[in-house]
Amino acid sequence: MQKVGMTTTIPVEVVYAAGCIPVDLNNIFITHEDPRGLVEEAETAGYPRNLCAWIKGLYSTTLQNKDIKTIVAVTQGDCSNTHALMETLEMAGIRVIPFAFPFDRDYDLLKLQIEKLMDALGTTWDEVYRVKARLDQIRAKVQELDRLTWQGDRVKGWDNHLFQVSCSDFDGNPDAFEQRIDAYLAELPQKEPIKADLRIAYIGVPPIVDDLYDYLEERGARVVFNEVQRQFVMPFGIDDLVEQYRTYSYPYGIFYRLEDISREVEKRQVDGIIHYAQSFCYRQIEDMIVRQKLRKYPILTLEGDKPSKLDARTRMRLDAFVEMLR
């Protein structure tokens, strides 16, 4: 089965329906044994140092995985630097299929984009909806894990993050992924309650540092809401595939995203919000809007650069934020 790389979440049902294996390049980049080395490899090839590390990581990840000869690149609704990523990958002989989420969430334009992707990969609406029914069964189980995160005390923020972010491609094997989530849910009743008196919402793109969640829990604060990761699960209960990806908030404007964020932080009774923004990303500008619209909540804005652990300055800021909340 042909592997198809993805620069971010796309209608993954189409890829599976075409008999291909979707691969979220972000996930295999960040879980690589040396993700920082992948960034440096792209810089050696000519990528600027003052450019988002995710883009550089996606470039090197694609070239290292010789069995990925096609990628679907999101040209609207994600990083604008994806355009240059597409061009450099095309120079390396990779087939690039563009996909755009319309900024105004126009139904007809989104449907057209999905149908163009179907034509490019070779599948039909019937096959797509057959796959959607199967994936929705798995998504429902991950939604249950998310519910148990904020209504129970046994799901760690990192586990919540990991299972939800994996729903972008279901690790390329929905059956094996479902077995993992079933096993995890079965073990929850036997787990010791997590002792954390503060409830934190994490909003923004998934972090490029991998110890944020554990660091918070060591200090008695637990992430009970992962904004973008939850969106990857498509927790909407919508049968219409086009409407599902029109409701999916990440690729659209900050005001539409804030509608979802406001509902969830209220429902989950959070004490404070961490807004993460990647270095050299336009989404840093949106922090101004986030702070105005969510002014009733204490907000800590964090910035990450390259794959690493939390640096000393960020740990100090987290410590001060937790103590202020307490």
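Refer to the structure above for everything that follows.
Keep in mind it's a predicted model, so treat the numbers as computed, not measured.

Trainee: Can you explain a nonpolar patch on the surface? Please cite residues and give values.
Mentor: Taken together, Tyr282, Ile285 and Met288 make up a surface patch of nonpolar side chains, about 340 Å² in accessible area. The class for methionine 288 is exposed, based on a relative accessible area of 55%.

Trainee: Could you give an account of the pattern of salt bridges, with specific residues and numbers?
Mentor: This structure, assessed with the given rule, holds 33 salt bridges. Between arginine 257 and glutamate 286 there is a salt bridge, and its shortest N-O distance comes to 3.5 Å. Pair noted here: arginine 257 is in helix 13 (residues 254-267) and glutamate 286 is in the loop between strand 7 (272-278) and helix 14 (287-293), with a separation of 29 residues, a long-range link. Of the two residues, arginine 257 and glutamate 286, both sit in the buried class. For the salt bridge of aspartate 260 with arginine 263, the shortest nitrogen-to-oxygen distance reads 3.9 Å. Of this pair, aspartate 260 and arginine 263 both sit in helix 13, three residues apart, which is roughly one turn of that helix. Sharing partners across several salt bridges, the network here consists of Asp146, Arg230, Asp260, Arg263, Glu264, Lys267 and Arg268.

Trainee: An account of the packing of helix 4 (residues 53-64) against helix 5 (residues 82-91) is needed here, citing residue identities and associated values.
Mentor: Axes are the key here: two packed helices are described by the angle between their axes and the distance separating the axes. The contact between helix 4 and helix 5 brings their axes to 10 Å, and the two run at 20 degrees. One way to sum up the angle between helix 4 and helix 5 is to call them roughly parallel. When the axes of helix 4 and helix 5 are compared, the crossing they make is right-handed. Side by side, helix 4 and helix 5 meet where Ile55, Leu58, Tyr59, Thr62 and Leu63 of the first sit next to Thr82, Leu85, Thr88 and Leu89 of the second. Among the residues making up the contact of helix 4 with helix 5, the classes are represented as six nonpolar, three polar and no charged.

Definitions and cut-offs
Residues numbered from 1 in each chain as written. Predicted model: local features only at pLDDT ≥ 70, side-chain atom pairs only at ≥ 80, totals over all residues. Heavy atoms only, no water. Patch = residues over 30% accessible without salt bridge, like charges linked within 9 Å, V, L, I, M, F, W, Y side chains within 5 Å. Areas by Shrake-Rupley, 256 points an atom, 1.4 Å probe, with all protein chains shown as cover. Salt bridge = Lys/Arg side-chain N within 4 Å of Asp/Glu carboxyl O. Buried < 20%, exposed > 50% of the residue type's maximum accessible area, 1.4 Å probe, protein only. Helix = DSSP H or I, 4+ residues; strand = E, 2+ residues; numbered from the N terminus. Axes fitted to C-alpha atoms, helices over the stretch in contact; angles between N-to-C directions. Parallel < 35°, antiparallel > 145°, perpendicular 65-115°, else oblique. Left-handed = near helix turned anticlockwise from the far one by under 90°. Contact = heavy atoms within 4.5 Å. Nonpolar A, V, L, I, M, F, W, Y, C, P; charged D, E, K, R; others polar.

These figures capture arrangement, not role.
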